[in-house]
Each structure stands twice: as C-alpha cells, then as structure tokens.
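Observations on chain architecture
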Amino acid sequence: MSGNAAPRAAGEGSTRTRLDRGRGALGPALELVHTGRAPTRAVLTAELGVTRATAGAVAAELEALGLIHVDARPGAAAGSQGRPSHRLELAEDGPVALAAQVHADGFRAALVGLGGRLVATAPGCETVDADPAKVLGSVVEAGAELLRETGRRCVGAGLAVPSAVAEPEGTALNPLHLAWPAGAPVREIFAERVRAAGITGPAFAANDVNLAALAEHRHGAGRGSRDLLCVATGHRGVGGALVLDGRLHMGSSGLALEVGHLTVNPEGRPCHCGSRGCLDVEADPLAFLTAAGRDPGPEVSLLQQSNDLIRDQYADPTVRTAVEALIDRLGLGLAGLVNILNPDRIILGGLHRTLLDADPERLRAVVADRSLWGQSGGVPILACTLDHNSLVGAAELAWQPVLDDPIAALAQV
C-alpha cells in the first residue's frame with residue numbers, strides 16, 4: 001500500500017466484494033420479497049442459492065435503496081430453537097407506482113407500493129368520454145394529485161384498459177364498450193399525459209384481465225400456480241388471460257386468449273364481433289340482468305347491480321334460474337379452455353366470482369363433465385382474492401423494470 005493511501009476499514013473490502021458478487025441478485029431478491037416468497041433472510045439465502053453473507057449484503061443494499069426493511073431483532077417463534085433469521089419487510093414509506101384503470105362504467109387512479117399494496121386511491125369517475133385523450137388526461141391528473149398529497153417517489157405508471165392491446169404499438173384494437181376508436185394509441189397517449197404531469201419513469205398499458213391475472217399470480221389466488229387461467233367479467237364483456245410457467249402469455253402480438261368470443265350458445269345473442277352466443281354477451285352482467293328480467297338502472301354499475309341482485313334475491317326463482325343459466329354457459333366455455341390449455345388452476349373474477357360463490361358445485365360439475373382433463377381429476381376453480389386486481393396489475397407493469405434492475409431503474413426516477 002502506498003504511503004498516502006487511506007486505511008481501509010475492517011471488513012470493508014470483503015463486504016464490498018460480497019455486494020459486487022450479489023449485485024445481479026438484487027432484482028431476483030426484490031421479486032422474492034415483493035411476492036412474499038422470502039419473508040426472512042434465511043429463506044432469501046436458500047432461494048437465491050448464495051451464501052448467508054451475500055444474502056445479507058443484497059438485503060442491505062435493497063434497504064439502502066428504500067425498498068425493503070431488514071428487521072434485525074425479530075422475536076423467535078414459540079417453541080423454536082436457535083437464533084431467528086432477520087425478517088425482510090417491504091418499506092412502508094417506499095416508492096410507489098401510479099396505476100390507472102378505465103372501464104365501461106368509469107375510471108380510477110391509485111398509488112400501489114411493492115407487494116401489491118394500495119397506498120392511496122382517487123375517487124372513481126363514472127363518465128368515460130369518447131375521446132381517449134380526455135379520459136387518460138383526467139385519470140393521470142388524479143394520480144398526480146395523489147402523488148402531490150402523499151409526497152411519494154414514483155417509479156412509473158401503468159394503465160389497464162378493457163381491450164386487447166397490440167404489441168409493440170400499444171394500440172387498443174377493440175375498445176368495444178368504451179366508444180373509443182378502434183386502434184386508439186392508448187400507450188402513447190397515456191405516456192404523453194404522464195410526462196406532461198411531471199411524472200418520471202416509464203409508462204405502460206395492457207389489457208385489464210391480463211393485468212388482473214398477473215396481479216393474482218403474484219399476490220392473490222394464483223400464487224404458486226404454474227399454468228394459471230383467469231376468466232373474468234367486470235362491467236361489460238368477458239376477458240381471459242393465461243400465465244404459463246410463471247409468465248403472462250401474450251401471444252405473438254399481445255392478442256392471445258380472447259376468450260370472450262368463444263361460442264357457448266349458438267342460437268344466442270348477437271355479439272359485437274359478428275358471431276352469436278359468445279361468452280362476451282352470454283355471461284356478463286348485462287346478460288345476467290336480462291336473464292333475471294331486470295332493467296339495468298343508471299345509478300350504479302352493471303356489475304354492482306348484478307352482485308347485489310344475487311346477494312339479496314337469490315331465493316327468487318327467476319334470479320336463481322338466471323344464475324344457473326350463466327353458470328352453465330360459463331362452465332361450457334371453461335371446459336373448452338381446459339381441453340386446450342390444461343391449466344393447473346382457474347381463477348374467476350368480477351361477476352364470475354359471484355357465480356362461483358353462489359353455486360360452486362354446479363360450475364365445477366359442468367367443467368368436469370365437459371372437459372377431458374376435468375374428468376381425469378378436476379382443475380381447481382377459485383375466486384380471485386384481490387379487490388382491485390387490474391389496478392394492482394397495472395402497477396406491476398411499472399414495477400417490473402425495478403424488479404429487473406433496481407439500481408438502474410431507480411436512477412431514472
């Protein structure tokens with residue numbers, strides 16, 4: 001060592017070496033904590049396949065970035081032996097992603113932290129203009145106001161829309177229930193409004209059911225599944241999504257799994273796509289209210305009207321018959337999807353979750369009777385567990401660059 005070199009603190013060199021070796025593990029480590037799969041440093045060490053010292057250095061770096069908190073003094077569980085491992089918790093005051101959702105009955109903005117935790121939500125708007133630029137400008141401004149109120153650092157923004165979103169252009173090909181023009185460049189418009197609001201970080205847009213599936217796979221009813229099928233109807237129409245081997249399956253251009261246009265009633269209602277009897281018009285809230293002999297009112301969303309009717313008047317024979325009819329149509333569509341995709345789990349959202357709760361055995365029986373794989377052992381059919389899964393999924397889009405490379409992503413915001 002030269003005479004004018006500064007002395008090195010004890011342990012400094014070895015700690016820096018461990019961190020340098022583990023820097024490539026920062027993203028995987030953060031994802032493990034983000035998805036709840038590494039609640040302690042011991043579990044993180046095992047999951048990453050690194051030494052305890054390297055795992056400690058990685059956790060310390062994530063804490064220094066303001067993403068997690070390392071609890072060095074956790075209480076030992078009753079009856080446990082040995083020194084308990086440090087607990088890893090997501091930082092409660094850490095950065096957030098701006099999440100936005102637009103659907104037929106309105107739009108909403110929210111701030112979502114790591115772990116899929118809703119930090120703040122703006123009051124929903126029930127009017128959707130036919131000009132996407134006006135709607136996206138309004139929802140971004142609502143999100144920007146939340147950021148001003150909370151003072152949180154924002155890593156980026158994600159948008160969920162009820163339309164297939166073509167890749168790589170980011171255009172909404174079929175916003176059938178929004179009166180938006182087909183092919184509207186929603187990602188470009190959203191990104192422009194995000195920048196105009198002074199929000200740094202990347203902006204993304206994707207189909208709402210795809211994002212619901214992503215959120216449920218990471219934080220909800222789909223956690224732990226390998227091949228997950230999600231089918232849902234929220235306000236109008238029916239959507240589907242598929243997670244294969246832990247990754248959202250988008251197809252060659254982002255248009256995979258348009259399940260709403262499976263025919264389940266050949267003599268049924270005309271569909272927007274030009275066919276008849278599609279799931280989109282046979283198993284959504286409007287179809288249910290019509291089957292139950294109820295005229296939809298303007299006071300609340302079609303989804304809420306349908307859920308309230310099933311909850312409050314299920315004993316009414318007309319309502320029960322309508323529930324059974326929709327269950328049979330939904331089950332027929334799910335059976336066809338099971339035959340093609342062979343998922344290890346099915347999760348249902350929106351009105352479909354309510355139908356499952358109303359008569360789970362009927363739905364499972366229809367799927368089992370109509371599908372080869374269902375007959376051979378059955379596919380678990382579960383309800384989605386996240387109340388705002390499309391919003392959480394939109395936030396996941398914005399969090400993904402941080403999960404990929406925390407240091408590089410945070411340096412951009």
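The shown structure was predicted, so the numbers you read here are calculated from the model rather than taken from an experiment. (Residues numbered from 1 in each chain as written. Predicted model: local features only at pLDDT ≥ 70, side-chain atom pairs only at ≥ 80, totals over all residues. Heavy atoms only, no water.)

What follows covers the environment of Leu88. Here Leu88 is to be found in strand S2 (residues 87-90). According to the relative accessible area criterion, Leu88 is buried, its value standing at 5%. Between the alpha carbons of Leu88 and Asp71 there is a distance of 6.4 Å; along the sequence they are 17 residues apart. If we skip the residues at most four places from it in the chain, Leu88 touches Val33, Ala38, Pro39, Thr40, Arg41, Leu44, Ala59, Ile68, His69 and Val70. (Helix = DSSP H or I, 4+ residues; strand = E, 2+ residues; numbered from the N terminus. Buried < 20%, exposed > 50% of the residue type's maximum accessible area, 1.4 Å probe, protein only. Contact = heavy atoms within 4.5 Å.)

Within this model, the second largest pocket holds a volume of roughly 450 Å³. Put simply, the parts of the chain that give the lining of the second largest pocket at least two residues each are helix H7 (208-219), strand S12 (247-248) and helix H15 (389-404). The element contributing the most residues to the lining of the second largest pocket is H15, with four residues. (1 Å grid on protein atoms, 1.4 Å probe; cavity = no way out; pocket = protein on both sides within 12 Å on 5 of 7 lines; lining within 4 Å. Points joined across faces, edges and corners; volume = space filled by probe spheres on them.)

Attention shifts here to the sheet that holds strand S5 (residues 118-121). Strand-to-strand pairing in sheets goes through backbone hydrogen bonds, with the strands running parallel or antiparallel. Pairing within the open sheet is mixed, and its five strands lie in the order S5-S4-S3-S6-S9. In the strand order of this sheet, the two ends are held by S5 and strand S9 (203-207), each with one partner. With direction set aside, neighbouring strand axes in the sheet form an average angle of 25°. One ladder, built from seven bridges, connects strand S3 (residues 96-103) with strand S4 (residues 106-112); its direction is antiparallel. (Pairing = 2+ DSSP bridges. Axes fitted to C-alpha atoms, helices over the stretch in contact; angles between N-to-C directions.)

With that out of the way, let us pick up the pattern of salt bridges. Under the definition given, this model contains 16 salt bridges. Asp284 serves as the salt-bridge partner of Arg236, at 3.7 Å between the closest nitrogen and oxygen. In this pair, Arg236 is assigned in the loop between strand S10 (227-233) and strand S11 (239-244) and Asp284 in the loop between helix H8 (279-282) and helix H9 (285-291), connecting sequence segments 48 residues apart. Note on Arg236: relative accessible area 29%, which makes it partly exposed. Here Arg364 makes a salt bridge to Glu361, at a shortest N to O gap of 3.9 Å. Highlighted residues: Arg364 and Glu361, both in helix H13 (residues 360-370), separated by three residues, approximately one helical turn. Among the residues examined, Glu361 registers a relative accessible area of 55% and is labelled exposed. Salt bridges sharing common partners tie together Glu141, Glu145 and Arg148. (Salt bridge = Lys/Arg side-chain N within 4 Å of Asp/Glu carboxyl O.)

Bringing the domain arrangement of the protein chain into the picture now. For the protein chain, the assigned domains read domain 1 (19-73 + 86-90), domain 2 (96-210 + 389-411) and domain 3 (224-383). Measuring from the centre of the C-alpha atoms in domain 1 to the corresponding centre in domain 3 gives 40 Å. (Domains from an automatic or database assignment.)

The next subject is the packing of helix H3 (residues 41-48) against helix H4 (residues 52-64). Two quantities define a packed helix pair, namely the angle between the helix axes and the distance between the axes. Following both chains from N to C, one finds H3 and H4 inclined at 110°, their axes separated by 9 Å at the closest point. Classified by the angle their axes make, H3 and H4 are roughly perpendicular. Like other packed secondary-structure pairs, H3 and H4 cross with a definite hand, here right-handed. On H4, the residues touching Arg41, Leu44 and Thr45 of H3 are Arg52, Ala55, Gly56 and Ala59. The residue makeup of the contact of H3 with H4, split by class, is three nonpolar, two polar and two charged. (Parallel < 35°, antiparallel > 145°, perpendicular 65-115°, else oblique. Left-handed = near helix turned anticlockwise from the far one by under 90°. Nonpolar A, V, L, I, M, F, W, Y, C, P; charged D, E, K, R; others polar.)

A separate point is the packing of helix H2 (residues 26-34) against H4. Two numbers describe how H2 lies on H4: the axes approach to 10 Å, and their chain directions differ by 75°. If you check the angle between H2 and H4, you find them roughly perpendicular. The segment H2 lies against H4, with Leu26, Ala29 and Leu30 engaging Val58, Glu61 and Leu62. Here the contact of H2 with H4 is built from residues that sort into five nonpolar, no polar and one charged.

This paragraph deals with empty space enclosed by the protein. Empty space among the atoms becomes apparent when a probe as large as a water molecule is rolled across them. Tallied over the entire structure, the rule returns two cavities of 30 Å³ or more. For the largest cavity, the full set of lining residues is Gly66, Leu67, Ala91, Gly94, Pro95, Val96, Gly113, Leu114, Arg117, Val119, Arg152 and Trp399. When the residues that make up the lining of the largest cavity are grouped by side-chain class, the tally is seven nonpolar, three polar and two charged. Computed from the structure, the second largest cavity encloses a volume of approximately 40 Å³. Its residues assigned to classes, the lining of the second largest cavity comprises four nonpolar, four polar and one charged. When we break the lining of the second largest cavity down by domain, the ones giving at least three residues each are domain 2 (96-210 + 389-411) and domain 3 (224-383).

On to unusual backbone geometry, then. In this model, Glu167 is joined to Pro168 through a cis peptide bond whose omega is 5°. Unusually for a residue other than glycine, Ala179 sits at a positive phi of about 65°. Take Ala179: it is sitting in the loop between strand S8 (171-172) and helix H6 (186-196). Take Ala179: its relative accessible area is 59%, and that puts it in the exposed class. At Asn342, a residue that is not glycine, the phi angle is positive and equals roughly 50°. Position of Asn342 relative to the elements: it lies in the loop between helix H11 (317-341) and strand S13 (345-350).

Looking now at the sheet that holds S12. The strand order across the open sheet built from five strands is S12-S11-S10-S13-S14, with neighbouring strands paired in mixed fashion. Of all strands in the sheet, those bounded by a partner on one side alone are S12 and strand S14 (381-383). Bridge count for S11 against S12 is two bridges, and the pairing is antiparallel. When the sheet's bridge partners are listed, Val243 is paired in S12 with Leu248. In this fold H11 packs onto S10, S11 and S13, with an angle of close to 155° to the strand it touches most, S10.

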